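One letter stands for each residue in the lines below.
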Amino acid sequence: MNRTAALDAVVFGVDIQSGDVRGDAPSYALVVFDGEEIERDVVSRRKLRRLVDDEEPDILATDNMYELAADKDQLVHLLGSLPDETKLVQVTGDERPEPLSRVAKRHGVPYGKKPMKEAEAAARLAAANVGQEVSAFTDTTEVKVSRGRSTGKGGWSEDRYTRRIHGAVKKQAREVESELDGAGLAYERDVTEKYGGFSSAVFRVQARPQDIPVSTHRSGDTRVEIERVRRDGIEFRPLAKRRDHVVVGVDPGTTTAVAIVGLDGEVLDVYSSRTNDRADVVEWIIERGRPVVVAADVTPMPETVEKFRRSFDAAGWEPERDLPVDEKKHRTREEAYDNDHERDAMAAALYAFDHHESQFDRVAGKVPPQHEVGPVVARVVAGDESVESVLRDIEGDDESEAESTSHQPRELSDEEKEIKRLEARIDRLESHVDDLKDTIQQKDEQLREKDKQLEKARQEGRREVRKDREVTRLERRNEALERKVEDEQAKREELAGKLDRLKSLWKLDHSNFADVADERDGLVPVKVVEQFTRDAIEAADEQFGLVAGDVVMLRDASGAGRSTAKRLAEADPRVVLRDGNLSDAADEVLFDHDVPVAPVEMVTVQEIDELAIAREAEVEAAIADWEDRAEDREQAQKAEMVDQIISEHRADRPVED
C-alpha cells in the first residue's frame, strides 16, 4: 500500500500504563518520536498534559481515544484544550477501530503487548500517516470583541463612561476586521450597536485559530475571545490522503458527487459540489487514489462518467438496470453521506466493488508478498491481462533494471521518473481541455437560457407579489367586514331578545300578576328615570322618549332642584311615581305645573329589563289621590293668603286714640 513519506514532525504516542482513565491518577506510557529518535517515559496525566502544552507536538497518537478521556464530554474538552497545531489521532481507525496488532502488522510496524510497545507502535503508525484525526470542531472560528468591564453605575458621568467603553469596543472591532481583511480571510460579522458604539461584535471566520492573525487578550475597556465552532458530534478524518488503488463511483449532474472505495470494500472518502468543474473533480480523485474501476449507478453509463473513466484508463462498471433507490439506501446504510448525490455515487462504487470482489481476492491470492497487489489488480481489471502475464512483466522489468545497472552507463533518477509520470498525467489532463471548452460553451448557452428563465420567473414573481398584496388587502377588508357583520348580528340578537321579552310582556295573562284585573287592556307602560337629575331625564328621553301623558317613575326622587323639576314638568307627564321624598323646591314646581305626584308604593309596577307596566286602575287611583291632596293644599294656601291679607290690612290702619 503506497503512502506519502513519513511526517517530518514530532509525535507523542501514548497508552495507559496503569490505573483507569475514570480514576484520579492514571499513568501513561509516553513515546516521543520525531522520525529518527525515540524517547520513552512513564508520566502522570497532569504531566502528559503539561508536556503537550509546552512542546506542542504535531500529533498525539493513541490506539483508543477513550484512553485519554472517560466519555464524549471529556473528549470534547480535551480536544478544545489541545494546542492549535496538535492533532489527536486514533491510529486504529474511526468509530469501529481495529486491533492495534492487526494495523501494526499490516503496515510493518513493530508491536508488543506491553503499554510502552503499544505507545511506540501508535507513534510510528501516526508518523507514517496511518490513522484518523479526531475532531470535535469545525474549521470555523468565532472571534468575539466585547466590553472588558461592566458599564455599571457611574453616577453623574455614567453616560460618558458607557460611551467611552462602547467606542473602544467599536474601535477594537474595526482593528480585528482590518486584520482579517489583510489576511484575506472570509468571515461574517454580527455587531450589537449600543450608545456610543458597539457592546459586542462577533466575527465567524472560515479558518482555524492558528491561521487567524488575532489572539485572545484583554486590554482595558475591551476583550477579544477566540473560540472554534463545535460540531454536532465527533468527526474522523483520514490523517493522510491515500494513494492506493481504488474503486470510484460518480454521480454526475448539476451537483457532481464522487465516492472513493478501497480494494477491501471500505469507503475512504466522499465528495459533492455544485460549482467545481471536471478538472477539479479529477484532481480531487488523483489526490486520493488510483482508480481501477469507475462506476455509475445507471445504465448506459453517462458520457460524463465515461470521460472520467477514460481519464484514468480505468475499467468501467454499470448495472444491468438503473439501481433502485431502496437498494442504494440499503447498500449504503452503514455509511455517512450528506445528500442523495453522495449516496448514489457511494452505491455505484460499492456495487462495482461487489461485482469485482472475488476477482480482487483471486488476484491478491496469486500475488507474491514482495509485490504490491494494487498495480496487479489495476492491470488485470482495467487492462484485461492475466495475473501470470502481469507478474512475468513485473519480474522482467526487475531483471531488465538489474541488467541496465550493469551494462548501461546510467539509469533514470527518481526525479526523472517522477517527471515522466507527471508528463503522462499532463497528457491525460490536456486531453480534457477540448472537452472542457465544449462544456464551457454548453454551459454558457445554458446560462443564457437560465438568465431568460430567471427574468421570466422574476416577472412572474413580481406578479405573484402584487397578487399576494391585493389578496392580503382584500382579506383584511373581508375580516373587517366580517367583524362588522358579527357586531351587527350581536346587536340584532340583543334587539331580538328585547323584542321577544316585550312581546311576552304584552302577552302576559293574569297568572303573571297575582292581583291584576281580568282585562289585559287595563295595563299602561311606565317609563323609568333612574335619578331625578337633568342628565337622567335626558338619557331616558333619548332612550325611549318622554311625551305628554307618560307615566314616569323616579327610582331616586331626592336631590332635584327647581330647574330639574321644571325640565320634567315640560314633558307634561300624566303622573310621576316617586321612590323617596321630593325636595320642597321640586315639589312646588311640579305642583305649580299641575303634575300629579304619588308614592310608587301606591302602584304595582312590573319590570322586564328597561320596560315596565302598571295597572291603569292603580294609576288613576294615584292621580285621584293627588287631586284630593292638591285641592286641600290649594284651600290651605287660600286660607293662608286670606289671613295674610287681613294681617296686612290691620297693619295699615291708623291707631285710634
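Residues numbered from 1 in each chain as written. Predicted model: local features only at pLDDT ≥ 70, side-chain atom pairs only at ≥ 80, totals over all residues. Heavy atoms only, no water.

Q: What is the right way to look at the sheet that holds strand 12 (residues 256–262) in this model?
A: Backbone-to-backbone hydrogen bonds join strands into a sheet, with any given pair of strands oriented parallel or antiparallel. The mixed open sheet is built from five strands, whose spatial order is 13-12-11-14-15. Edge positions in the open sheet fall to strand 13 (267–273) and strand 15 (315–317), since each of these has one partner strand only. On average, each strand axis in the sheet is tilted by 25 degrees relative to the strand beside it, whichever way the strands run. As paired elements, strand 12 and strand 13 share six bridges and run antiparallel to each other. Counted as the bridge partner of Thr256 is Ser273 from strand 13. Most of the contacts of helix 7 (residues 303–312) go to strand 14 (residues 290–295), to which it runs at about 155 degrees, and overall it touches strand 11 (245–251), strand 14 and strand 15. Running over the sheet, helix 9 (residues 340–366) touches strand 11, strand 12, strand 13, strand 14 and strand 15 and is turned about 140 degrees from strand 11. (Pairing = 2+ DSSP bridges. Helix = DSSP H or I, 4+ residues; strand = E, 2+ residues; numbered from the N terminus. Axes fitted to C-alpha atoms, helices over the stretch in contact; angles between N-to-C directions. Contact = heavy atoms within 4.5 Å.)

Q: Any chance you could explain the side chain of Ser273 here in plain terms?
A: Position of Ser273 relative to the elements: it lies in strand 13. What makes Ser273 buried here is its relative accessible area of 13%. With residues near it in sequence (within four places) discarded, Ser273 still touches Thr254, Thr255 and Thr256. (Buried < 20%, exposed > 50% of the residue type's maximum accessible area, 1.4 Å probe, protein only.)

Q: Before we go on, may I ask you to explain helix 9 in this structure?
A: Since one α-helical turn is 3.6 residues long, residues separated by three or four positions face the same way. The end-to-end C-alpha distance of helix 9 is 38 Å, a good match for the 39 Å that 27 residues give at a rise of 1.5 Å each. Most pronounced at His356, the bend in helix 9 amounts to some 55 degrees. Between a side-chain oxygen at the N-terminus of helix 9 and the backbone nitrogen of His341 the separation is 3.1 Å; the capping residue is Asn339. (Expected span 1.5 Å × (residues − 1). Bend = angle between axes of the 7 residues up to and from the residue. Polar contact = N/O pair within 3.5 Å; in protein donor to acceptor, adjacent residues only side chain to side chain.)

Q: Would you mind showing me how to read the packing of aromatic side chains here?
A: Working definition: an aromatic ring pair is given by the centre-to-centre distance plus the angle between the planes. Applying the stated rule across the entire model yields four aromatic pairs. Centroid distance Tyr187 to Phe203: 5.8 Å. Interplanar angle 65 degrees. Geometry classified as edge-to-face. Taken together, the residues Tyr187 in strand 7 (residues 187–194) and Phe203 in strand 8 (residues 197–205) connect sequence positions 16 residues apart. On the accessibility criterion, Tyr187 (21% relative accessible area) is partly exposed. Here Phe203 falls in the buried class, since its relative accessible area comes to 0%. Here the guanidinium or amino end of Arg633 rests over the ring plane of Phe591, the centre of that ring lying 4.0 Å away. (Phe/Tyr/Trp six-rings, centres within 6.5 Å; stacked < 30°, edge-to-face > 60°. Lys NZ or Arg CZ within 6 Å of the ring centre and 35° of its normal.)

Q: What is the right way to look at a negative patch on the surface in this model?
A: Together, Asp34, Glu36, Glu37, Glu39, Asp53, Asp54, Glu55, Glu56, Asp58, Asp84, Glu85 and Asp211 make up a region of like negative charge exposed at the surface. At three residues, the largest contribution of residues to the negative patch is made by helix 1 (residues 45–55). Along the polypeptide, Glu85 turns up in the loop between helix 2 (72–81) and strand 5 (87–90). Judged by relative accessible area, which is 46%, Glu85 ranks as partly exposed. (Patch = residues over 30% accessible without salt bridge, like charges linked within 9 Å, V, L, I, M, F, W, Y side chains within 5 Å. Areas by Shrake-Rupley, 256 points an atom, 1.4 Å probe, with all protein chains shown as cover. Salt bridge = Lys/Arg side-chain N within 4 Å of Asp/Glu carboxyl O. Lys, Arg positive; Asp, Glu negative; His and termini not counted. Charge placed at Lys NZ, Arg CZ, Asp CG, Glu CD.)

Q: Any chance you could explain the side chain of Lys328 here in plain terms?
A: Relative to the assigned elements, Lys328 resides in helix 8 (residues 325–331). Lys328 gets classed as buried once you look at its relative accessible area, which sits at 5%. Dropping the residues within four chain positions of it, Lys328 is found in contact with Asp297, Leu323, Arg343, Asp344 and Ala347.

Q: Help me understand the environment of Ala617 in this model?
A: As for its position among the elements, Ala617 is in helix 16 (residues 616–652). For the pair Ala617 and Val603, spaced 14 residues apart in the sequence, the C-alpha separation amounts to 9.0 Å.

Q: How should the packing of helix 9 against helix 10 (residues 373–382) be read in this particular structure?
A: To characterise two packed helices, one gives the angle between the axes of the helices and the distance between these axes. Between helix 9 and helix 10, the least distance of the axes is 10 Å, while the angle of their chain directions is 125 degrees. Classed by the angle they form, the pair helix 9 and helix 10 counts as oblique. The chirality of how helix 9 crosses helix 10 is right-handed. Counted together, His356, Gln359, Phe360, Val363 and Ala364 of helix 9 and Val373, Val376, Val377, Val380 and Val381 of helix 10 form the full contact between these two elements. Of the residues contributing to the contact of helix 9 with helix 10, the split by class is eight nonpolar, two polar and no charged. (Parallel < 35°, antiparallel > 145°, perpendicular 65-115°, else oblique. Left-handed = near helix turned anticlockwise from the far one by under 90°. Nonpolar A, V, L, I, M, F, W, Y, C, P; charged D, E, K, R; others polar.)

Q: Would you mind going over the pattern of salt bridges with me for this structure?
A: Oppositely charged side chains may form a pair once their charged atoms are brought near each other. Following the criterion strictly, the structure yields 40 salt bridges and no others. The residue Arg288 makes a salt bridge to Asp269 at a minimum N-O spacing of 2.9 Å. Of this pair, Arg288 sits in helix 6 (residues 278–288) while Asp269 sits in strand 13, and the two are 19 residues apart along the sequence. A salt bridge links Arg331 to Asp354, with the shortest nitrogen-to-oxygen separation between them at 2.8 Å. Here Arg331, found in helix 8, pairs with Asp354, found in helix 9; they are 23 residues apart in sequence, far enough to count as distant. Since its relative accessible area comes to 24%, Arg331 is described here as partly exposed. Here the salt bridges do not stand alone but share partners, grouping Glu133, Asp139, Arg228, Arg231, Glu235 and Arg237 into one network.

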